[in-house]
Amino acid sequence: KSAEKESSEKAKKAQEMAKDAVASEKASIKASKQAKDDVEKSIDLEKKAAAKEEVFAKAEEKVKLAFEDVEKEEAEVAAALAEIQQIEDDHANEMKKLLEVARDETLGQVKRATAANNLAQLKATPMEGLNVAKVRQEAAMRKQKQAKRVASEAVNLAKKARAPFEKATKQA
């Protein structure tokens, strides 16, 4: 009887061990499924983050292009202002030259009178068009500077909006 009893106890222990092994296997399968689900969720989240990051990258690129356009326009405005300044300088130099000729006693009376007449005509010619153009160009330059500031702020906002996605991508 003791061999039967011992055999029965061993069988019970074997059954318990088998049950434990089955339970352990079930837990392992469940953990494996959970890990697989977690990986799939992580992949989905990463894809979503990448899609959102792409949207922000495109927006940031558009802002950068706008910023570059603003800088280009600002350079054009500055060139126009330089041109206006050159016209004014040429006008002032011509007046100075005519004034010197008109006052030069070593030159003939006709030459001096012609220079004085040309100087009077040059002074009488209105520079209003040039002055208006200058005012408009200066206003345009101020507007360009404002647009540049706005574009720069937009770039900074786009970078700030993108930062959480970069952080999430690094963590993933």
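Position numbers for residues count from 1 along each chain, tracking the sequence in the order it is written. Note on the predicted model: pLDDT of at least 70 is required for a residue's local features to be given, and 80 or more for side-chain atom pairs to be given and counted; whole-chain, interface and lining totals, by contrast, use all residues. Hydrogens and waters are ignored; side-chain quantities use all the structure's heavy atoms.

*Asks:* Would you explain the overall build of the chain in this entry?
*Replies:* Of the regular secondary structure elements, the chain holds three helices and zero strands. The secondary structure listing takes helices from DSSP runs of H or I that are at least 4 residues long and strands from runs of E that are at least 2 residues long, numbered from the N terminus. Listing every helix and strand of the chain by position from the N terminus yields α-α-α. With the radius of gyration taken over C-alpha atoms, the globule rule is written as 2.2 Å times the number of residues to the power 0.38. A compact globule built from 172 residues would reach a C-alpha radius of gyration of about 16 Å, whereas the chain, at 43 Å, exceeds it by more than 25%. With the principal axes as the frame, the chain shows a C-alpha extent of 155 × 25 × 15 Å.

*Asks:* What's the story with the pattern of salt bridges in this structure? I'm lost.
*Replies:* Where side chains of opposite charge bring their charged atoms close, a pairing between them can arise. We define a salt bridge as a side-chain nitrogen of Lys or Arg found within 4 Å of a carboxyl oxygen belonging to Asp or Glu. Considering all chains together, one arrives at one salt bridge under this definition. Residues glutamate 105 and arginine 112 are paired through a salt bridge, measuring 3.5 Å at the closest nitrogen-oxygen approach. Three exposure classes are used, based on accessible area relative to the maximum for each residue type with a 1.4 Å probe and protein chains only: buried under 20%, partly exposed in between, and exposed over 50%. By relative accessible area, which is 63% here, glutamate 105 ends up exposed. Since its relative accessible area comes to 19%, arginine 112 is described here as buried.

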